[in-house]
Amino acid sequence: MTKNNMWVAGMAAPLMSAMLLQFAASPSVKANAQPSAANAAVKIDNFVFGPQELTVPVGTTVTWTNSDDIPHTSVSTEGVFKSKVLDTDEKFSYTFTKAGTYSYYCTIHPKMTGKVVVQLRLKLELALRWKHFSCLVASVCE
Ligand code: CO
């Protein structure tokens with residue numbers, strides 16, 4: 001074990017406890033901006049859903065915008081949501097009220113696929129904090 005790894009092992013548990021206590025003390029604490037927003041966007045451009053995989057908290061409204069110059073759709077593989085045919089600059093929105101992984105595709109071009117991962121807010125914030133803690137330790141935070 002390197003000196004650095006030992007430090008990580010020794011510090012991880014108490015820091016995780018501190019993070020959890022912080023949640024208990026201040027329920028309104030916000031994780032890094034984008035993933036905790038109540039709205040999120042997917043841009044359809046050049047036959048690609050971007051981002052192809054989007055992770056959001058429960059309750060988020062996702063809006064797809066067709067920025068391509070040909071029509072596309074956004075249709076859930078499991079039949080959870082279904083847009084009409086979207087012409088250029090047209091939008092479709094759906095609010096995700098349950099945690100889960102939602103795959104979707106364009107019915108006109110079935111090779112166009114995407115995924116929305118909907119997580120419980122606490123789980124998502126803990127994951128973000130853990131990710132940030134890890135990058136701090138490794139000194140690779142962006
Ligand atoms: Co398409």
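**Q** I'm lost on the sheet that holds strand β8 (residues 113-119) in this one. Help?
**A** Backbone hydrogen bonds are what pair the strands of a sheet, in a parallel or an antiparallel way. Spatially, 4 strands are ordered β3-β8-β7-β5 in an open sheet, and the strand pairing comes out mixed. A strand with exactly one partner marks an edge of an open sheet, and here the two such strands are β3 (53-57) and β5 (75-76). Against the sheet, helix α2 (residues 121-138) engages β3 and β8, with an angle of about 115° to β3.

**Q** Just checking my understanding: could you explain the packing of aromatic side chains for this structure?
**A** The way to describe two aromatic rings as a pair is by their centre distance and the angle between their planes. All told, the structure shown has 11 aromatic pairs when counted by the stated rule. Both rings, one in Phe81 and one in Phe96, keep their centres 5.7 Å apart while their planes meet at 85°; by these two values the pair is edge-to-face. One end of the pair, Phe81, is in the loop between β5 and β6 (91-95); the other, Phe96, is in the loop between β6 and β7 (100-105), and 15 residues separate them in sequence. Comparing Phe81 with Phe96 shows no difference in burial state: the two are buried. One aromatic cluster in this structure is built from Phe49, Trp64, Phe81, Phe92, Tyr94, Phe96, Tyr102 and Tyr104.

**Q** Hey, could you run me through α2 in this one?
**A** The α-helix winds at 3.6 residues per turn, so residues separated by three or four positions along the chain end up facing the same way. Taking 1.5 Å as the rise per residue, α2 with 18 residues should run 26 Å; its terminal C-alpha atoms sit 26 Å apart, in good agreement. Within α2 the residues assigned to the buried category are Leu124, Glu125, Leu128, Arg129, Phe133, Cys135 and Val137. One or two steps after α2, the chain reaches Ser139, where phi turns positive at roughly 55°.

**Q** I'm lost on the side chain of Ser83 in this one. Help?
**A** Along the chain, the position of Ser83 falls in the loop between β5 and β6. Classification of Ser83 as buried rests on a relative accessible area of 6%. At 2.9 Å, the side chain of Ser83 and the backbone nitrogen of Ser74 are in polar contact. The contact partners of Ser83, leaving out residues within four places of it in the chain, are Thr73, Ser74, Val75 and Phe92.

**Q** Could you clarify how one ought to interpret the coordination of the cobalt ion in this entry?
**A** For a metal with four tetrahedral donors the ideal donor-metal-donor angle is 109.5 degrees, while six octahedral donors give ideal angles of 90 or 180 degrees. Around the cobalt ion, the donor atoms from the protein are His72 (ND1), Cys106 (SG), His109 (ND1) and Met112 (SD), and they sit 1.9 to 2.5 Å away. One way to put it: the 4 donor atoms around the cobalt ion meet at angles of 93 to 129°, and that makes the site tetrahedral. Written as a sequence motif, the donor residues of the cobalt ion are H-x33-C-x2-H-x2-M. Taking relative accessible area as the criterion, Cys106 reaches 0% and is therefore assigned buried.

How each quantity is defined
- Residues numbered from 1 in each chain as written.
- Predicted model: local features only at pLDDT ≥ 70, side-chain atom pairs only at ≥ 80, totals over all residues.
- Heavy atoms only, no water.
- Pairing = 2+ DSSP bridges.
- Helix = DSSP H or I, 4+ residues; strand = E, 2+ residues; numbered from the N terminus.
- Contact = heavy atoms within 4.5 Å.
- Axes fitted to C-alpha atoms, helices over the stretch in contact; angles between N-to-C directions.
- Phe/Tyr/Trp six-rings, centres within 6.5 Å; stacked < 30°, edge-to-face > 60°.
- Buried < 20%, exposed > 50% of the residue type's maximum accessible area, 1.4 Å probe, protein only.
- Expected span 1.5 Å × (residues − 1).
- Polar contact = N/O pair within 3.5 Å; in protein donor to acceptor, adjacent residues only side chain to side chain.
- Donors = N, O, S within 2.8 Å, 3.2 Å for Na, K, Ca; no water.
- Tetrahedral: all angles 85-135°; square planar, octahedral: opposite > 155°, others 65-115°.

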